[in-house]
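What the coordinates show
The primary structure of each chain is shown beneath.
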Amino acid sequence: MEFSPSQWKELKSHCSEVKVEFMSSPFSPKAVELLLDVGVPVWKVASGEVSNLELLRRLSDTGIPVILSSGLSTMSELRRAIEVLDLSTDALAVLQCTTQYPTMPERLGLNVLAELRREFGCVVGLSDHTSTIFASIAAAALGAQIFETHLKTDGDSTGPDASASLTESQLSELVRGVNFVFTSLQSKIDKQSLTAEQEQLRLIFGRSLVAARRLDSGDVLELGDIAYKKPGGGLRYEQLHLLLGRRLLRSLDVDEILQLDDLESES
């Protein structure tokens, strides 16, 4: 359960070798000193330590950014903690967290993300214990930018956090899903017009007004003479009124596309 200072440094060194950011949650001012010696880019405050004002004051003194987990805190307690930390909004993140292992979907509290952002104006995220990839992907769509989850080895069902953890393959899928959502949210689609590609697809998937049966030159078109079938490229259904009651200038086979040029001019 405990590493010596040299083992912490070995762990930090290994993280650097495999290009993983080293982080650790201190639970006392003494732990802060140890981790400062090891070197950390950001502090993560566990849910149970939000009311530990002595710890928060020491973290504030370091000037290092803080990620604050909110699982066991009310909004008023979070406000007090953030006042003690006294950090700029770009050096602070607050995670919505439900301290339940595993967390049921009805207890996830994704609605809190917007409240946290509105209240504190900082980066928000999700500390997830659902043992699924769905929670973080949903949170990403709601503006979360930090995602914390527990990790277990494949086949592990006995560890203390196993019921609330992801496997390595699930973590990979979570990362893919979150990146997918981020890219989707950054894309800008103009619904006022279609792209050239969409216009081509509309020729395939759209429909046109066609002859419902064999029609002869001189026939006056009635509703039963006309069908609306694929492909597109011809007259659309909203142009049906332009055909009804008008006389054909040429004969048409069944399913042949109707054109305005096929009709006598309106008197």
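Our subject in this report is the structure included herewith. (Residues numbered from 1 in each chain as written. Predicted model: local features only at pLDDT ≥ 70, side-chain atom pairs only at ≥ 80, totals over all residues. Heavy atoms only, no water.)

Some thoughts on the sheet that holds strand S5 (residues 146-151)
For clarity, the threshold we go by: A strand pair is defined by DSSP finding two or more bridges across the two strands. Secondary structure elements are defined from DSSP: runs of H or I of at least 4 residues count as helices, runs of E of at least 2 residues count as strands, and each element is numbered from the N terminus.
Ordered by their spatial adjacency, 6 strands build an open sheet running S1-S2-S3-S4-S5-S6, and the pairing between neighbours is parallel. Among the strands making up the open sheet, the edge pair consists of strand S1 (43-45) and strand S6 (165-166). Alignment of strand S4 (residues 123-128) against S5, held across 4 bridges, turns out to be parallel. Paired with aspartate 128 across the two strands is threonine 149, which belongs to S5.

A few points about the environment of glutamate 173
How we decide: When accessible area is computed with a 1.4 Å probe and restricted to protein chains, residues below 20% of their type maximum are described as buried, those above 50% as exposed, and intermediate ones as partly exposed.
Examined against the element boundaries, glutamate 173 turns out to sit in helix H7 (residues 168-186). Using a relative accessible area of 38% as the deciding quantity, one classes glutamate 173 as partly exposed. As a C-alpha pair, glutamate 173 and leucine 87 span 86 residues in sequence and 34 Å in three-dimensional space.

Notes on helix H3 (residues 53-62)
Residue pairs spaced three or four apart in an α-helix point in one direction, given the helix's 3.6 residues per turn. The criterion, for reference: The directions considered for the arc run from the helix axis to the C-beta atoms. A contact between two residues is defined here by any heavy atoms of the two lying within 4.5 Å.
The set of residues buried in H3 consists of Leu53, Leu55, Leu56 and Leu59. Taken end-on, H3 shows its buried residues confined to a sector of 155°, consistent with a single buried face. Exposed residues lying more than 90 degrees from the buried face of H3 are Glu54 and Asp61. Each element contacted by the buried residues of H3 is listed here: helix H2 (29-38), S1 and helix H4 (75-85). Looking one or two places after H3, you find glycine 63, whose phi comes out positive at around 75°.

Quick look at the packing of aromatic side chains
Within a pair of aromatic rings, the relevant descriptors are the distance that separates the centres and the angle that separates the planes. Threshold: Here the aromatic set is Phe, Tyr and Trp, taking the six-membered ring for Trp, and pairing holds for ring centres within 6.5 Å; pairs whose planes are under 30 degrees apart are stacked, those over 60 apart are edge-to-face, and all others are tilted.
Inspection of every chain in the model, using the stated rule, returns 4 aromatic pairs. Ring geometry for phenylalanine 147 versus phenylalanine 182: centroids 6.1 Å apart, planes at 50°, classification tilted. Pair noted here: phenylalanine 147 is in strand S5 and phenylalanine 182 is in helix H7, with a separation of 35 residues, a long-range link.

As for the side chain of lysine 44
You can see lysine 44 is positioned in strand S1. In this structure lysine 44 comes out as buried when scored by relative accessible area, which is 8%. If near-sequence neighbours (up to four positions away) are discounted, lysine 44 is found in contact with Met23, Ser24, Ser25, Pro26, Ile67, Ser69, Leu95 and Glu148.

Examining a nonpolar patch on the surface
Note the threshold: Surface patches are defined over residues having more than 30% relative accessible area and no salt bridge, joining like charges when they lie within 9 Å and nonpolar side chains (Val, Leu, Ile, Met, Phe, Trp, Tyr) when within 5 Å. Here the Shrake-Rupley method, with its probe set to 1.4 Å, supplies the accessible areas, and only the displayed protein chains count as covering residues. Salt bridges are counted wherever a side-chain nitrogen of Lys or Arg sits within 4 Å of a carboxyl oxygen of Asp or Glu.
On the surface, a cluster of nonpolar side chains totalling about 380 Å² of accessible area is made up of Leu201, Leu203, Ile204 and Phe205. Its relative accessible area of 37% is what places leucine 203 among the partly exposed residues.

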